[in-house]
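# Observations on the model geometry
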Amino acid sequence: MYLQITEQIRHRIAVGDWPPGTEIPSIRALAAATRVSVITVKRAYMDLEKEGVLVTRQGRGTFVAEEVNLGASL
């Protein structure tokens, strides 16, 4: 399930819904919206952060990285 969330986030970035620098929904908000567990969404966010797609700023939120490389995943 977390892979589906990861791909949904990648898609929203790719089509321009979430351009670089945009704050994305909190883990809890996205979990509620997609009706999945917070742990599942957190795993997706962590994976995307490791790949450099997202950046988390402590106390401020999670943002689309300024230079996003979505690679061959699209």
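Look up: the structure comes first, before these words.
Residues numbered from 1 in each chain as written. Predicted model: local features only at pLDDT ≥ 70, side-chain atom pairs only at ≥ 80, totals over all residues. Heavy atoms only, no water.

### As for the environment of Met-1
The condition is simple: Here a strand is any run of E in DSSP of at least two residues, a helix any run of H or I of at least four, and the numbering for each starts at the N terminus. Relative accessibility under 20% of the residue-type maximum defines a buried residue, over 50% an exposed one, and the middle range a partly exposed one, all with a 1.4 Å probe and only protein chains included. By the convention used here, residues are in contact when the closest approach between their heavy atoms is within 4.5 Å.
Checked against the element boundaries, Met-1 lands in the segment before helix H1 (2-14). Overall, the relative accessible area of 55% leaves Met-1 in the exposed class. Setting aside anything within four residues of it in sequence, one finds Met-1 in contact with Val-36 and Thr-40.

### Considerations on helix H3 (residues 38-50)
Counted only if it meets this: Given the number of residues in a helix, its expected span is that number minus one, multiplied by 1.5 Å. By arc we mean the arc of the directions from the helix axis to the C-beta atoms, nothing more.
Spanning 13 residues, H3 covers 18 Å between terminal C-alpha atoms, matching the ideal 18 Å at 1.5 Å per step. Every buried residue belonging to H3 is among Thr-40, Val-41, Ala-44, Tyr-45 and Leu-48, and all of these are buried. End-on, the buried residues of H3 take up no more than an arc of 135°, which puts them together on one face. Residues of H3 that are exposed and angled more than 90 degrees away from the buried face: Ile-39 and Lys-50. Contacts from the buried residues of H3 go to H1, strand E1 (23-24), helix H2 (27-34), strand E2 (54-57) and strand E3 (61-64). Gly-52 lies just past H3 and shows a positive phi near 85°.

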